[in-house]
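Chains, contacts and geometry: an overview
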Amino acid sequence: MECILIGTGGMMPMPYRMLASLAVRLNGRIYMFDAGEGTQINWKRVRLGVRGLKVIAVTHLHADHCLGIPGMIMLRAQMEDPDPLTVLGPPGTRDFIVQSQRLVDFKVNFPINVIEWSADNSGLAYQDDQARVLWQPVKHTRFCLGYRFEELDRPGKFDPTRAEGLGVPKGPLWGKLQKGESVRTSADRIIQPSDVLGLARRGRHIAFVVDTRPAPGVYSLCKNADMAFLEGMFLTEHSDHADMKGHMTVVEAARIAKKSGAARAVLLHISPRYENSELGKLEEEARKEFPSIRIGRDLDVFEVSFPEKD
Ligand SMILES: [Zn+2]
Ligand SMILES: [Zn+2]
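First, a word on scope: everything that follows refers to the structure included in this document. (Residues numbered from 1 in each chain as written. Chains lettered and ligands numbered in written order. Predicted model: local features only at pLDDT ≥ 70, side-chain atom pairs only at ≥ 80, totals over all residues. Heavy atoms only, no water.)

Of the regular secondary structure elements, the protein holds 11 helices and 16 strands. On C-alpha atoms alone, the protein measures out to a radius of gyration of 22 Å, which is about the 19 Å that the 2.2 N^0.38 rule sets for 310 residues. Summarising its shape, the C-alpha atoms of the protein cover approximately 75 × 50 × 40 Å along the three principal directions. Within the protein, contacts between residues at least 6 apart in sequence are counted, and of these 64% link residues at least 24 apart. Element-wise, carbon and sulfur atoms account for 51% of the exposed surface of the protein, whose accessible area totals about 14,100 Å². Separation of charge centres in the protein, based on 41 positive and 39 negative side chains, amounts to 3 Å. (Helix = DSSP H or I, 4+ residues; strand = E, 2+ residues; numbered from the N terminus. Rg over C-alpha atoms; globule rule 2.2 N^0.38 Å. Contact = heavy atoms within 4.5 Å. Areas by Shrake-Rupley, 256 points an atom, 1.4 Å probe, with all protein chains shown as cover. Lys, Arg positive; Asp, Glu negative; His and termini not counted. Charge placed at Lys NZ, Arg CZ, Asp CG, Glu CD.)

Structure representation (structure tokens):
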């Protein structure tokens, strides 16, 4: 699983930093979190392609998080016969897409399935055969969602010696057991998958939480995540801005990452007031709370490995 930082900035795209956006790539499928203005420029730079893009999850309808959706849709519409696209977001997301498409009159050659947050579908936003996306409101100046991407648990490890001992010879019956089906041996004995498989192995979990003050939902989204992408917009000396505009300082974000047990953490949605030469200062401040934390840079790629050795 790879996490690719398409951009790491907040508020507005700058010559030195595009807007915060994350692409998670798993087995050729891409799940994208936020799409601000100009997102497709760095998307092209990392050569991700758009065929694999299946889901765009939007945290909230502030320009720096959603203005890039029409651009990504247009980029995707250049392909022949694209798959349907799922867009997750707060109430208003469907209207934003429909109205911008109508007003700008761009072509869409694939179905767009928009799922908006509501109290009824809180918790689980989306699931396919390899991963699920969870969402939860956080605390910003307007309704904003935090996300958690979870790879589905994998079945436990198959024990060939045990299978043979139970009278299941190597062959197609092994495959059935590994797929979770029970089988009948030649001695007319029923063998269950649980007889030959170890405990299910946990998939990899990623948190993506931006544009929020510290809030209980932020902790639960980051809880024991293998990797947490968190907003760290300001240095502590500018904490009055963070408080007023519903954002977090690097120190607040680092504390959350540490307290919630995240294995690794990366900060993004950096204020445009800090040039790249100042990022070291932000990192230094955050590392006093969480020594391995990093300030994300545009186009950074993080490989996320399984939590335990197989
Ligand atoms: Zn923002
Ligand atoms: Zn915002």
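Having seen the structure, we can now continue with the description.
Turning our eyes to something else, we now look at the packing of aromatic side chains. For the structure on display, the rule yields 9 aromatic pairs. Site record: aromatic cluster; members linked through ring pairs are Tyr31, Phe33, Tyr126, Trp135, Tyr147, Phe149 and Phe208. (Phe/Tyr/Trp six-rings, centres within 6.5 Å; stacked < 30°, edge-to-face > 60°.)

On to the coordination of the zinc ion (ligand 1), then. Every protein donor of the zinc ion (ligand 1) is accounted for by Asp64 (OD), His65 (NE2), Asp211 (OD) and His269 (NE2), and the metal-donor separations fall at 2.1 to 2.3 Å. Taken together, the 4 donor atoms coordinating the zinc ion (ligand 1) span angles of 89 to 159 degrees at the metal, a pattern that classifies the geometry as irregular. Donor residues for the zinc ion (ligand 1), ordered by position in the chain, follow D-H-x145-D-x57-H. Here the zinc ion (ligand 2) and the zinc ion (ligand 1) are spaced 3.6 Å from one another, each receiving a donor from aspartate 211. Judged on exposure class, the residue aspartate 64 and its partner histidine 65 are both buried. (Donors = N, O, S within 2.8 Å, 3.2 Å for Na, K, Ca; no water. Tetrahedral: all angles 85-135°; square planar, octahedral: opposite > 155°, others 65-115°. Buried < 20%, exposed > 50% of the residue type's maximum accessible area, 1.4 Å probe, protein only.)

We now examine the side chain of serine 260. In this structure, serine 260 sits in the loop between α10 (250-259) and β14 (265-268). By relative accessible area, which is 7% here, serine 260 ends up buried. Apart from the residues within four sequence positions on either side, serine 260 is in contact with Tyr219, Cys222, Lys223 and Asn224.

Next up on the list: the coordination of the zinc ion (ligand 2). Only His60 (NE2), His62 (ND1), His140 (NE2) and Asp211 (OD) from the protein reach the zinc ion (ligand 2) as donors, at distances of 2.2 to 2.3 Å. One way to put it: the 4 donor atoms around the zinc ion (ligand 2) meet at angles of 87 to 169 degrees, and that makes the site irregular.

The angle between the axes and the distance between the axes are what describe a pair of packed helices. Axis separation between α10 and helix α11 (residues 279-287) bottoms out at 8 Å; the angle between their running directions is 40 degrees. Here α10 is positioned oblique relative to α11, judged by the angle of their axes. Considering the relative orientation of α10 and α11, their crossing is right-handed. Residues Val250, Val251 and Ala254 of α10 form the contact with α11, whose participating residues are Leu282, Glu285 and Ala286. Counted by class, the contact of α10 with α11 contains 5 nonpolar, no polar and 1 charged residues. (Axes fitted to C-alpha atoms, helices over the stretch in contact; angles between N-to-C directions. Parallel < 35°, antiparallel > 145°, perpendicular 65-115°, else oblique. Left-handed = near helix turned anticlockwise from the far one by under 90°. Nonpolar A, V, L, I, M, F, W, Y, C, P; charged D, E, K, R; others polar.)

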